[in-house]
Amino acid sequence: MTEQTFTIIKKPQEMGLEDLLTRYKKSQLLEMGESLAVTFPKSWKKGKLIESLADKIVEQAQTIYNEVLEQVIDTLPDKEQTMYYLETVDSIKNLAPLIKKGFFFAAETNDGYVFIIPEEVIEAVDSAKGVEDSAEPAESSADDSNDEVVENVSTHQAVKSLTKWKNQLLSIYGTYSTSHLQSIWNRYYSEELSLEEIDELVSK
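Starting from 1, residues in each chain are numbered consecutively following that chain's sequence as written. Confidence filtering applies because this is a predicted model: local features only for residues at pLDDT of at least 70, side-chain atom pairs given and counted only at 80 or more, and all residues used for totals across whole chains, interfaces and linings. Values shown for side chains rest on all heavy atoms present in the structure; no hydrogens or waters enter the calculation.

> Sorry if this is basic, but what is going on with the overall build of the chain here?
Put simply, DSSP marks the helices as runs of H or I at least four residues long and the strands as runs of E at least two long, and each gets a number from the N terminus on. Within the chain, the regular secondary structure consists of ten helices and four strands. For the chain, the sequential pattern of α-helices and β-strands runs β-α-α-α-α-β-α-β-β-α-α-α-α-α. The buried share of the chain, reckoned over its 204 residues, is 43%. Any two residues whose heavy atoms approach within 4.5 Å at even a single point are treated as in contact. In the chain, the proportion of contacts linking residues at least 24 apart, taken out of those at least 6 apart, comes to 64%. Element-wise, carbon and sulfur atoms account for 46% of the exposed surface of the chain, whose accessible area totals about 11500 Å². Exposed residues in this analysis have more than 50% of their type's maximum accessible area, buried residues have under 20%, and partly exposed residues fall in between, with area computed by a 1.4 Å probe over protein chains only. Residue exposure ignores everything except the shown protein chains as possible cover, and the areas themselves are Shrake-Rupley values with a 1.4 Å probe.

> Where do I start with the packing of helix α2 (residues 26–35) against helix α3 (residues 46–62) in this structure?
Packed helices, taken two at a time, are described by the angle their axes make and the gap between the axes. In this analysis an axis means a line fitted to C-alpha atoms, helices contributing only their contacting stretch, and an angle means the value between N-to-C directions, from 0 to 180 degrees. α3 packs onto α2 with a crossing angle of 30° between their chain directions and a minimal axis gap of 10 Å. Considering their axes alone, α2 and α3 lie roughly parallel with respect to each other. As α2 packs across α3, the resulting crossing turns out to be left-handed. Here K26, L29, L30, M32 and G33 of α2 lie close against α3, whose contacting residues are K46, L49, I50, L53 and I57. Any residue that is not Ala, Val, Leu, Ile, Met, Phe, Trp, Tyr, Cys, Pro, Asp, Glu, Lys or Arg is counted as polar, Gly included; the first ten are nonpolar and the last four charged. Here the contact of α2 with α3 is built from residues that sort into seven nonpolar, one polar and two charged. In this scheme, roughly parallel covers angles under 35 degrees and roughly antiparallel covers those over 145, while 65 to 115 is roughly perpendicular and the rest are oblique. Each crossing gets its hand from how the near helix is turned against the far one by less than a right angle, where anticlockwise is left-handed and clockwise is right-handed.

> Looking at this model, I keep getting lost on α2. Mind explaining?
Residues lying three or four places apart along an α-helix face the same way, a consequence of the helix completing one turn every 3.6 residues. Residues L29, L30, M32 and G33 constitute the buried set of α2. Here the buried residues of α2 occupy an arc of 155° about the axis, which is enough to place them on one side. Along α2, the residues that are exposed and aim more than 90 degrees away from the buried face are E31 and E34. Summarising the contacts, the buried residues of α2 are in contact with α1 (17–21), α3 and α5 (96–100). Phi turns positive, to about 65°, at A37, one or two residues after α2. Taken from the helix axis, the directions to the C-beta atoms give the arc we talk about.

> Help me out: how do you make sense of α3 in this one?
Each helix should span, by expectation, one fewer than its residue count multiplied by 1.5 Å. Given a rise of 1.5 Å per residue, 17 residues ought to cover 24 Å, and the 24 Å separating the end C-alpha atoms of α3 matches this to within 8%. Those residues of α3 that fall on the buried side of the exposure criterion are L49, I50, S52, L53, A54, I57, E59, Q60, A61 and Q62.

Rendered as structure tokens:
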């Protein structure tokens with residue numbers, strides 16, 4: 001028998017992200033948060049935990065995990081479809097890390113199994129792509145480009161976002177690269193940052 005590496009939930013009536021998360025135990029939800037490098041108070045009620053966790057999943061689908069999620073979704077037969085019927089879960093075991101983090105779900109039905117991609121995750125991936133496609137190059141010179149970024153996106157906000165992503169990458173991979181942070185930033189914000197600017201901001 002194949003060793004189970006992720007939780008298989010009971011298929012809910014509704015397929016929203018929060019509906020799917022309700023199928024997990026509170027202890028499993030806390031573990032899911034830890035896998036996303038987010039710590040929630042254990043005293044929180046399950047409902048509040050689910051709401052906050054759903055927000056974090058969507059946020060990281062737009063940023064840290066956007067590229068890998070986009071690659072997975074691009075391999076699917078129909079990018080608009082949110083549920084696929086499976087004979088066994090062996091066919092999705094390579095997606096176990098993403099299932100454990102709440103981006104995807106495996107559910108059991110009377111007839112077998114289904115692989116579920118919440119619409120919120122699909123929309124988050126698409127919205128990040130839209131930001132990237134609509135981003136326009138800055139008209140300022142290289143000398144004053146950083147000043148314009150600071151005016152439109154405060155230094156505090158830039159440092160906070162970049163530091164958070166850096167820490168998440170360190171938690172997930174044990175390392176980080178400035179180019180990865182640049183890719184995330186330039187996809188999420190319309191004002192682009194250079195590698196030098198990012199190095200300077202994360203060192204503050």
